[in-house]
Amino acid sequence: MKLVLTADSLIDGTGAKPVKNGALVINNGRITRVTTVDKLERDSGKGVQTIHVKGGTIMPGFVEAHSHMHCSAEEEAYEHTMNDTDQVLLMRAVKAQREALLSGVTTTRDLGSKNNIAFPVKKAIEDGVIPGPRLLVVGTPITTTGGHCHMFGTEADTAEDVVAALRHQVKLGADYIKMMSTGGGFTPRTNVRRAQYPAETLAAAVKDAERMGVRVAAHCHGTEGVKNCVKAGIHNLIHSTWVSANPDEIYDYDPRTADEMAKKGLWVDPTLAFDFIWQDKGIPVKQTDKTVLRSDPDRRYEILKDMWDRGVKFVTGIDSGMAHVGFGDFAYTPQVMVEKAGFPVMDTLVSSTKTTADCLGVLDETGTLEPGKAADAIIVNGDPLKNIRVLHKVDTVVARGKVVKQGGKALV
Ligand SMILES: [Zn+2]
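Residues numbered from 1 in each chain as written. Predicted model: local features only at pLDDT ≥ 70, side-chain atom pairs only at ≥ 80, totals over all residues. Heavy atoms only, no water.

## Notes on unusual backbone geometry
Inference 1: A positive phi angle, close to 70 degrees, is found at R189, a residue other than glycine.
Inference 2: By the element assignment, R189 lies in the loop between β11 (176-180) and α5 (199-211).
Inference 3: Overall, R189 belongs to the exposed group, its relative accessible area being 88%.
Inference 4: Notably, R400 is not glycine yet its phi reads approximately 50 degrees, a positive angle.
Inference 5: Among the secondary structure elements, R400 is positioned in the loop between β17 (394-399) and β18 (402-406).
Inference 6: On the basis of relative accessible area, R400 is assigned to the partly exposed category, the value being 33%. (Helix = DSSP H or I, 4+ residues; strand = E, 2+ residues; numbered from the N terminus. Buried < 20%, exposed > 50% of the residue type's maximum accessible area, 1.4 Å probe, protein only.)

In structure tokens:
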């Protein structure tokens, strides 16, 4: 089965200049040519499906690094997670995968859900039972007793317990390991400002994960936890919010630790669209209790830009499933990177595709439009280099060679 996508422009995700009147040729689910429309004539013929989007841009499908598939993304996300039956959580997860796919996400990583939900959903997508992006899962996050997201099911306190817990997740099929290195806003009675694990425990996890060929991502809000993660060589830092241990301060950013992140080649998923999504949806942010995570978005964007300038590699995660952060909200992330944090547009597009695929360990398979790779491509209505917001307008989605959305209409 041959499929040809054509549009006014093609951005291949490598950072190369856009191709005018680009064409993407797909054969049996794989990209076979990246070319231009005028070089295409001899390719067309019977049995070829062609999709042309006037004024559109062909891009790699988005690679999203941070979702929680069974969380509801509603105001009561926490209560739903605590009280819903597994059957309801499973239905939420199935709905979430479809939503993500139709927003142009062709690869996603679930960064912590209950095992009895995450693993079967991954299998159902792979078997073609339900629609969804290529899904990588961590299983349950590993946290301290009563620590952040303890309700997902895996509590481990000592280095030995942590190593045993991560081996168990790998045994069940985890593609990545998630640890909670500080408390989190989602879990009452945890402390976002303080570390849950010493650096030595995180380092023991990294060492054993590498032995088994998986990487470790760790949630860190407090600077104490960020520093522990960097010291331990955690492959992928999540949030990296630099929250001060002092409740009277918001941030205590340490540029030298950021230099260390860059030097070690650690990826950071700053979940930077969170505040903006709430603002954009008109949700008031409650910032009263000093133990709860407060934020100063403008200062945070400055910190992130400084990290970027120091060479830190950013990946695109939205933390979907948390209150008001929907599974179809991916495009907010590159939008905020460009409009608020001031990252260059083309670099932001590369982050949203290639860099995140690299962090997830799937760059050989997806993340750029290059011959031999899986056909994971989208066409957006407009030119993202001129206006990043066109990433919200996804006309066509092709996932692993299958057209799942066309002309803005869902086909699955
Ligand atoms: Zn999260």
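## Remarks on the sheet that holds strand β8 (residues 134-137)
Inference 1: Spatial ordering of the open sheet is given by β6-β7-β8, a layout of three strands whose pairing is parallel. Strand pairing shows two members of the sheet lacking a second neighbour, β6 (62-67) and β8, which therefore form its edges. Here the average twist between neighbouring strands, direction ignored, is 15 degrees.
Inference 2: As judged from the four bridges shared by β6 and strand β7 (residues 105-110), these two strands associate in the parallel manner. Within the sheet, the bridge partner assigned to E64 lies in β7 and is T108. (Pairing = 2+ DSSP bridges. Axes fitted to C-alpha atoms, helices over the stretch in contact; angles between N-to-C directions.)

## A word on the coordination of the zinc ion
Inference 1: All of the protein donors around the zinc ion are H66 (NE2), H68 (NE2) and D319 (OD); their distances to the metal are 2.0 to 2.2 Å.
Inference 2: All donors to the zinc ion come from one chain, and their sequence spacing reads H-x1-H-x250-D. For the pair H66 and H68, a shared accessibility class is recorded, and that class is buried. (Donors = N, O, S within 2.8 Å, 3.2 Å for Na, K, Ca; no water.)

## Re the layout of surface pockets
Inference 1: For the second largest pocket, the calculated volume is near 290 Å³.
Inference 2: Secondary-structure elements contributing two or more residues to the lining of the second largest pocket are α3 (115-126), β8 and β18.
Inference 3: Of the residues that constitute the lining of the second largest pocket, the class distribution is 10 nonpolar, two polar and four charged.
Inference 4: Here the lining of the second largest pocket spans two domains, and each of domain 1 (2-61 + 368-410) and domain 2 (62-359) adds at least three residues to it. (1 Å grid on protein atoms, 1.4 Å probe; cavity = no way out; pocket = protein on both sides within 12 Å on 5 of 7 lines; lining within 4 Å. Points joined across faces, edges and corners; volume = space filled by probe spheres on them. Nonpolar A, V, L, I, M, F, W, Y, C, P; charged D, E, K, R; others polar. Domains from an automatic or database assignment.)

## Some remarks on the pairing of strand β5 (residues 48-60)
Inference 1: Where strand β1 (residues 2-10) and β5 come together, eight bridges link them in parallel fashion. Counted as the bridge partner of L3 is Q49 from β5.
Inference 2: Relative to strand β16 (residues 377-381), β5 runs antiparallel, the two sharing five bridges. Paired with M59 across the two strands is I378, which belongs to β16.

## A closer look at the nonpolar core
Inference 1: Grouped together as the largest cluster of nonpolar side chains are 86 residues, with contacts concentrated most on I142, M179, I234, L237, M261, M307 and F314.
Inference 2: Looking at this core, the element that brings in the most residues is α3, giving six residues.
Inference 3: Of the domains in this structure, domain 1 (2-61 + 368-410) and domain 2 (62-359) are the two that each give at least three residues to this core.
Inference 4: Contacts of F314, omitting those with residues within four sequence positions, involve V268, P270, L304, M307, W308, M337, F343, S351 and T355.
Inference 5: Residues L5, A7, I58 and V398 belong to the second largest nonpolar core, which totals 16 residues. (Core = buried A, V, L, I, M, F, W, Y, C linked by side-chain atoms within 4.5 Å. Contact = heavy atoms within 4.5 Å.)

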